[in-house]
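Next come the chains, spelled out residue by residue.
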Amino acid sequence: MMPVPFVKRGQPITAVLWNQLCAVVRAGRLIAGDGVRLREMPDGTIITFDSDGAEFVHPFQVSLSGTEAVTIRPGTVNRVDAKIKDVALAGTDSQPPPVLEFGQPMLDGEGRGYICVEVTCRERDWSVEKVEVVQVADPNTDDGEAGEGHGGSGGAVALPGRRARYPLAMLRARKDGQLDLFQITFFDLQHRPALGADRKTATRHFFWQ
Amino acid sequence: MITADAWNTLVALVRRARPLRGVRVATKEQPYGVIVSGDANSRGRHPWFINARYEFKDDGTGEWRASIQPGFVNGRDAHIPMPANWPDGKPPKDGRTTAHDVPLTAELVPYLVLGNWRNPLTPDGVSASLSGQILASPGEGYPKFFDKLGVKAAAKGGDVFKAGALGGEPDENRTREIRAMDVVLSKARIGTRLQIDAHNPLAGAQTESISTVFVNDALRATGGRAKLRAAPKYVPPQEQSLALMYGTLLNAGDAQYDELRMATVWIVSPPDASGDAVPDETWTPYPQHFVFWNLQHASRLIPPKAPNPPLQLVVPLAGGVAQPLINALLSVVNDQNAEAEAFFSQADARGMFWST
């Protein structure tokens, strides 16, 4: 952009000069970028950036460790500790907090995978017996392989063996081979099954935070 | 010759372009301009967080777009419909011209185009009363926060010939315009439809039988995905009623999806904007979020029990000749019973959303 020249006293301000000045003023207009908010005032424009939020440390917080493992902060389902290979996520006196090593992640056709809690209910009263963290391509299939992805009526699909899964985080494989992680669960979980008429099978499972 | 008016307008324009320091921003004036420093770190944004900004296209025109922090429904990422040639601008190889759904977690993040703003300052409609008065409904208005920014008052409504009915009272300190759009989440599910079958009352002692049919067209078309869309103003899905033979009013069926208003994007003009101004890059967006966490969704889906068989009275009266007459008389009772049964046990597949 050419700078607008100064004029001497008595020198006419031509249309060319005027238009140059207008162009400079237009070029100096502010445009909000990512995370920026502009508010035009009579005496200027207020520029506000989104604040830098404090780190939110929460239950079931999943962190990638390379592309073949994750660590998960402790969390519970109906106050039952989630575990990896029978070790609580917080670790024990004799064992450090466990790492979920899944190797090559199970992914669906679009490169999606999940870190899930797999809840197993007791036969007697359908209370939560065991909570295991697993990596699957689809939380709603028996073997965790890619499937339809939903049960049609919502809630988590009732899996054989009085099981159901709830996603903690989603993995997405990128073209360059890297994994992106999207956190889904931010709080400890509550769980209730919806039982069938025989009270021996569940029709679906409900989770809430 | 430059007139004083033209010069003053230019001076005002230059003054307005001067950057002033806002929250977490430092400004440093230099001879060649003003250095603006700040922190645009995005940590701490919640699911469904909306960032609205003005983007210029290749042809020089621009549009407001809303990008949305990935949010999940039942653990699955929500989608946004994008044009067929998105993201590289090339038409798809299969010749498809319809929009395709792109997940919020995609590598190239999709966006909603905010292009059909509603004006919450103007009346929603005008009607005539029996006495001949022409009445305007009041303007929708906006949150009180925008009062402090100097947004014009909304129309009060009432007699259109009275001041303030079609536009707010003029106030020299409140000269900004405001517009709004809603961001809506739609989740497909199994739906229901009422089916009425006609019978011969003389043979079956029943004229109508009522049953509920389950339909899953929307569920199949979307793969059960939740989809986001921008709407000028969110209107909840309407229920349709059906009057049966004996006047019983039943739900004729439901939409095959549930919807939730996720946010309203308000956008405020610079001062002294005209009433018909359209938001451009000089306006300031203010997203108002209604949902802050990932969602769960489930349909109620309580299937109805099979209707009871119609009441029949089989008597060898007049060698069976009277049977059609008996059936016809009974059909009234059976039809009314069928309507009552359907009324009390009609399937309802409408769902609900929940989070924390």
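Residues numbered from 1 in each chain as written. Chains lettered and ligands numbered in written order. Predicted model: local features only at pLDDT ≥ 70, side-chain atom pairs only at ≥ 80, totals over all residues.

1. Brief notes about the overall build of chain B
At step 1: From N to C terminus, chain B includes 5 helices and 23 strands.
At step 2: In chain B, which comprises 356 residues, the share counted as buried stands at 27%.
At step 3: Of all intrachain contacts in chain B linking residues separated by at least 6 positions in sequence, the fraction that spans at least 24 positions is 66%. (Helix = DSSP H or I, 4+ residues; strand = E, 2+ residues; numbered from the N terminus. Buried ≥ 20, exposed ≤ 12 C-beta atoms within 10 Å, placed from the backbone. Contact = placed C-beta atoms within 7 Å.)

2. Brief notes about the overall build of chain A
At step 1: Across its full length, chain A holds 1 helix and 15 strands.
At step 2: The C-alpha radius of gyration of chain A comes to 28 Å, more than 25% above the 17 Å expected for a compact globule of 209 residues.
At step 3: Across its three principal axes, chain A shows a C-alpha extent of roughly 100 × 45 × 35 Å.
At step 4: A buried classification covers 31% of the 209 residues belonging to chain A. (Rg over C-alpha atoms; globule rule 2.2 N^0.38 Å.)

3. Section: the environment of G113 of chain A
Residue and element names in this part refer to chain A.
At step 1: You can see G113 is positioned in strand β9 (residues 112-121).
At step 2: What makes G113 buried here is the crowd of 24 C-beta atoms within 10 Å.
At step 3: Here the alpha-carbon distance between G113 and L171, two residues 58 residues apart in the chain, equals 4.9 Å.
At step 4: In contact with G113, not counting residues within four places along its chain, are P105, M106, L107, Q135, V136, A137 and L171.

4. Some details on the domain arrangement of chain A
At step 1: When cut into domains, chain A gives domain 1 (1-51) and domain 2 (62-208).
At step 2: On a C-alpha basis, the centres of domain 1 of chain A and domain 2 of chain A stand 55 Å from each other. (Domains from an automatic or database assignment.)

5. Brief notes about the nonpolar core
At step 1: Counting residues in hydrophobic clusters, the biggest one holds 71 residues, and the most contacted among them are I115, V117 and L168 of chain A together with A66, V183 and V265 of chain B.
At step 2: Look past the residues within four positions of L168 of chain A in its chain and what remains in contact with it is F60, V62, I72, I115, C116, V117, I184 and T185 of chain A. (Core = buried A, V, L, I, M, F, W, Y, C linked by C-beta atoms within 7 Å.)

6. As for the pairing of strand β22 (residues 296-299) of chain B
Within a regular strand, the side chains alternate between the two sheet faces.
Residue and element names in this part refer to chain B.
At step 1: Side chains of β22 alternate between two faces, with Q296 and A298 and H297 and S299 buried alike.
At step 2: Alignment of β22 against strand β23 (residues 351-354), held across 4 bridges, turns out to be antiparallel. Opposite H297, over in β23, you have F353 as the bridge partner. (Pairing = 2+ DSSP bridges.)

7. Remarks on the sheet that holds strand β10 (residues 112-114) of chain B
All names here are of chain B.
At step 1: With antiparallel pairing, the 3 strands of this open sheet are ordered in space as β4-β5-β10. With partners counted over all chains shown, the strands left at the sheet margins are β4 (50-56) and β10, one partner each. When strand polarity is set aside, the average angle formed by the axes of neighbouring strands in this sheet is 35°.
At step 2: Where strand β5 (residues 62-68) and β10 come together, 3 bridges link them in antiparallel fashion. Its bridge partner lying in β10, A66 is registered against L112. (Axes fitted to C-alpha atoms, helices over the stretch in contact; angles between N-to-C directions.)

8. Some details on the domain arrangement of chain B
At step 1: One can read the domain layout of chain B as domain 1 (120-174) and domain 2 (188-262 + 299-354).
At step 2: The C-alpha centroid of domain 2 of chain B is placed 44 Å from the C-alpha centroid of domain 1 of chain B.

9. What to know about unusual backbone geometry
At step 1: For the bond running from W86 of chain B to P87 of chain B, omega is 10°, close enough to zero to count as cis.
At step 2: Within the secondary structure layout, P87 of chain B lies in the loop between β8 (79-82) and β9 (100-103).
At step 3: A positive phi angle, near 70°, is found at D86 of chain A, a position not held by glycine.
At step 4: Relative to the elements of secondary structure, D86 of chain A occurs in the loop between β6 (80-84) and β7 (87-88).
At step 5: Its 9 C-beta neighbours within 10 Å are what place D86 of chain A among the exposed residues.
At step 6: For N74 of chain B, which is not glycine, the phi dihedral falls at a positive 55°.
At step 7: Locating N74 of chain B in the fold gives a position in the loop between β6 (72-73) and β7 (76-77).

10. Thoughts on the pairing of β4 of chain B
Residues and elements named next belong to chain B.
At step 1: As paired strands, β4 and β5 are joined by 7 bridges and run antiparallel to one another. Considered in β5, the bridge of N51 is made with S67.
At step 2: Linking two consecutive strands that pair antiparallel, namely β4 and β5, is a turn of 5 residues; a positive phi of about 90° is found at G60 within it.

11. Observations regarding the sheet that holds strand β11 (residues 126-128) of chain B
Residue and element names in this part refer to chain B.
At step 1: The strand order across the open sheet built from 3 strands is β11-β12-β13, with neighbouring strands paired in antiparallel fashion. One side of each edge strand has no neighbouring strand; the edge strands of this open sheet are β11 and β13 (158-159).
At step 2: Strand direction decides the pairing type here: strand β12 (residues 134-136) and β13, joined by 2 bridges, are antiparallel. Directly across from A136, in β13, lies its bridge partner G158.

12. What to know about the confidence of the model for chain B
At step 1: Mean pLDDT over chain B stands at 82; residues scoring 70 or higher make up 88%.
At step 2: Quick note on the complex model: pTM equals 0.75, ipTM equals 0.75. (pLDDT = per-residue confidence, 0-100.)

13. Considering the environment of H205 of chain A
Residues and elements named next belong to chain A.
At step 1: Summarising the element assignment, H205 is placed in strand β15 (residues 202-208).
At step 2: Put simply, H205 and I47 are 158 residues apart on the chain and 48 Å apart in space, counted from C-alpha to C-alpha.
At step 3: Excluding residues that lie within four positions of it along the chain, H205 makes contacts with G155, A156, A158, A164, H191 and P193.

14. Quick word on helix α1 (residues 4-16) of chain B
At step 1: For α1 of chain B, which comprises 13 residues, the first-to-last C-alpha distance of 18 Å matches the rise-based estimate of 18 Å (1.5 Å per residue) to within 8%.
At step 2: Counting buried positions over the 13 residues of α1 of chain B gives 0, only a small fraction of the element. (Expected span 1.5 Å × (residues − 1).)

15. Some thoughts on the environment of P237 of chain B
Residues and elements named next belong to chain B.
At step 1: Along the chain, P237 falls in the loop between β17 (226-231) and β18 (240-243).
At step 2: Each C-alpha atom, one on P237 and one on D258, is 7.8 Å from the other, the two residues being 21 residues apart in sequence.
At step 3: Beyond its immediate stretch of four places on either side in the chain, P237 contacts A255 and E259.

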